[in-house]
Amino acid sequence: MVHLRKGLVLAMLLATTAPAFAQSRVLVFNTDASDPAPKAAFDQLIADFEAEYPEIDVQVNMFDHEGYKTAIRNFLTADAPDLANWYAGNRMSPFVQANQFMDVSDIWTQNNLTETLGSALSSMTIDGKQWGIPYTYYQWGIYTNKDVYAQVGVEPAETWDEFIANCEQFQAAGIDCLTTGSKALWPVAGLFDYLSLRTNGYDWHMQLTNGEIPWTDDSVRAVFAEFAKVLPYVSANHAAIDWQDAVSNLVQGKAANYVMGNFAVAAFKDGGMTDETLGFMPFPTINADIPRAEDAPTDTVHIPAGAKNPEDAKLFLTFMARPDVQTKMNETLGQLPINAESSVGDDPFLQAGFELLSTAEGGISQFFDRDAPPEMAKAGMEGFQEFMVRPERLDAILERLERMRQRVHAQ
């Protein structure tokens, strides 16, 4: 009878402690990876993680993109998950400054990530600490029509002066040297980013987008001086067309170059271009003394400061940082792994992008509308477009942007 009672007591203890133990191995993951390719990539990531750690159950809360921007501000404060999707650079800064993301520098140190994820280190670092793990990005650069280059008899430029010299030859042949569609504003932000990064460098560019440099400063005017050099050679109707219309200009040989992200390759090929007719090159050097930085919007996963299971969350981030895991995820995403020991398929544009970004010693910026606060980003992109149409208005544009900077960053 005594033994029976002991057995009953033990059974009751197990019944009360087992659920508590099981609960401690649940990982709650809030994400906006709702589009088909990201959802498939994360479904596979989670399945592989659970196969390797069968004692951990990853529970996903899915949000739509726009709703997530608001939701993350609420759930980080009220009911934090263990993991959350977000972005690198200045986009993560407010959550770091508000003590809502956990310092995960130990993951970076213990797994040599400062080397293998080195290209994204600067964009993941604030106050000398790392605040999440990046898992994918894609390159920006200049896409070219090889047939037009052969027709005019010029070679892809390595320096900005060479690029402008090529522009003169394209113009003489009746071809736009540079096409873009600025109707939606954001395409010209990529052009401005590169002129800024090549003229003054990554640190300066980050200070500008973070509101630390007046828009009326001479260093800003230096960027616009380089910008002005290419304006006579840009498609004249750029303010009236979308980015897809500018794709047609390149496809049809009406233009030679297009500053754009790698996602546009599908549109170029849908228009009839092939690996033989579509080219890619880095944005040319302006100041040879500045280490090369690149625009590469970077997606990340973070551990909220209020996570209930931070230890297993760190296991998850460590798993996601591995080269084999990042290779597999990005095969599904059609983008680039950040781990330099990962591999990419035989797509020549992904191969070129992987080499470009893995060797970007100057740093990785996130794109103007990610690096700058929303209100400042909108005003900036409006200013870039206006400058391209009416460059004589530069003084008024910079003064307007400076007033916006003072208002936005005084809040």
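Everything that follows concerns the structure shown earlier in this document.
Residues numbered from 1 in each chain as written. Predicted model: local features only at pLDDT ≥ 70, side-chain atom pairs only at ≥ 80, totals over all residues. Heavy atoms only, no water.

**Thoughts on the overall build of the chain**
Part 1: Along the backbone of the chain there are 20 helices and 13 strands.
Part 2: Seen through its C-alpha atoms, the chain measures out along the principal axes to roughly 105 × 50 × 35 Å.
Part 3: Each of the 411 residues in the chain was classed as buried or not, and the buried ones make up 52%.
Part 4: Considering only contacts in the chain between residues 6 or more positions apart, those separated by 24 or more positions represent 77%.
Part 5: Treating the 28 positive side-chain charges of the chain as one cloud and the 56 negative ones as another, the clouds have centres 7 Å apart. (Helix = DSSP H or I, 4+ residues; strand = E, 2+ residues; numbered from the N terminus. Buried < 20%, exposed > 50% of the residue type's maximum accessible area, 1.4 Å probe, protein only. Contact = heavy atoms within 4.5 Å. Lys, Arg positive; Asp, Glu negative; His and termini not counted. Charge placed at Lys NZ, Arg CZ, Asp CG, Glu CD.)

**Things to note about the sheet that holds strand E1 (residues 26-31)**
Part 1: An order of E2-E1-E3-E12-E6 is seen for the five strands of this open sheet, with the pairing classed as mixed. Strands with a single pairing partner mark the edges of an open sheet, and in this sheet they are strand E2 (57-62) and strand E6 (133-137). The sheet shows a mean angle of 25 degrees between the axes of neighbouring strands, taken without regard to direction.
Part 2: Pairing of strand E3 (residues 83-87) with strand E12 (residues 298-302), which is carried by four bridges, proceeds in the antiparallel orientation. (Pairing = 2+ DSSP bridges. Axes fitted to C-alpha atoms, helices over the stretch in contact; angles between N-to-C directions.)

**Things to note about empty space enclosed by the protein**
Part 1: By the definition in use, this model includes one cavity of 30 Å³ or more.
Part 2: Reported here for the largest cavity is a volume of approximately 30 Å³.
Part 3: In this structure, the largest cavity is lined by Leu178, Thr179, Thr180, Pro187, Val188, Leu191, Tyr258 and Val259.
Part 4: The element contributing the most residues to the lining of the largest cavity is helix H10 (residues 186-200), with three residues. (1 Å grid on protein atoms, 1.4 Å probe; cavity = no way out; pocket = protein on both sides within 12 Å on 5 of 7 lines; lining within 4 Å. Points joined across faces, edges and corners; volume = space filled by probe spheres on them.)

**Some words on the pairing of E2**
Part 1: Sheet topology note: the E1/E2 ladder contains six bridges and is parallel. In the sheet register, Val26 faces E2, and the bridge partner there is Asp57.
Part 2: Handedness of the crossover joining E1 and E2 through helix H2 (residues 36-52) is recorded here as right-handed. (Right-handed = clockwise from strand over helix to strand, strands pointing away.)

**Quick notes on the packing of H2 against helix H16 (residues 323-333)**
Part 1: Axis separation between H2 and H16 bottoms out at 8 Å; the angle between their running directions is 155 degrees. Compared by their axis directions, H2 and H16 come out roughly antiparallel. Read as a crossing pair, H2 and H16 show a hand that is right-handed. Counting all contacts with H2, which are made through Ala37, Pro38, Ala40, Ala41, Phe42, Gln44, Leu45 and Asp48, the residues of H16 involved are Val325, Lys328, Met329, Thr332 and Leu333.
Part 2: In the contact of H2 with H16, the residues fall into nine nonpolar, two polar and two charged. (Parallel < 35°, antiparallel > 145°, perpendicular 65-115°, else oblique. Left-handed = near helix turned anticlockwise from the far one by under 90°. Nonpolar A, V, L, I, M, F, W, Y, C, P; charged D, E, K, R; others polar.)

**Description of the layout of surface pockets**
Part 1: Size it by volume and the largest pocket reaches roughly 1300 Å³.
Part 2: Every residue lining the largest pocket is counted, 42 residues in all, and those nearest its centre are Lys69, Tyr87, Arg91, Asp299 and Arg370.
Part 3: When contributions to the lining of the largest pocket are tallied by element, the ones reaching two or more residues are H2, helix H3 (65-78), E3, helix H4 (93-97), E6, E12, helix H18 (368-371) and helix H19 (374-389).
Part 4: Among the residues forming the lining of the largest pocket, the class breakdown is 20 nonpolar, twelve polar and ten charged.
Part 5: Reported here for the second largest pocket is a volume of approximately 280 Å³.
Part 6: Lining the second largest pocket are 16 residues, and of these Asn90, Thr125, Ile126, Tyr202 and Met206 lie nearest its centre.

**Some thoughts on the pairing of strand E10 (residues 278-281)**
Part 1: Of the two faces of E10, the one carrying Leu278 and Phe280 and the one carrying Gly279 and Met281 are both buried.
Part 2: Across four bridges, the pairing between strand E7 (residues 140-145) and E10 is antiparallel. In the strand pairing of E10, Tyr143 is matched with Phe280.

**Side note on H16**
Part 1: Considered for burial, the residues of H16 that qualify are Val325, Gln326, Thr327, Met329, Asn330 and Leu333.
Part 2: Tucked inside the fold, the buried residues of H16 contact H2, E6 and helix H15 (310-320).

**As for the sheet that holds E7**
Pairing between the strands of a sheet comes from backbone hydrogen bonds, and it takes one of two forms, parallel or antiparallel.
Part 1: A sheet is described by the order of its strands in space; here four strands give the open sequence E8-E9-E7-E10, paired in mixed fashion. Of all strands in the sheet, those bounded by a partner on one side alone are strand E8 (176-179) and E10. On average, each strand axis in the sheet is tilted by 25 degrees relative to the strand beside it, whichever way the strands run.
Part 2: As paired strands, E7 and strand E9 (residues 255-261) are joined by five bridges and run antiparallel to one another. From the neighbouring strand, Trp140 faces E9, where its bridge partner is Gly261.

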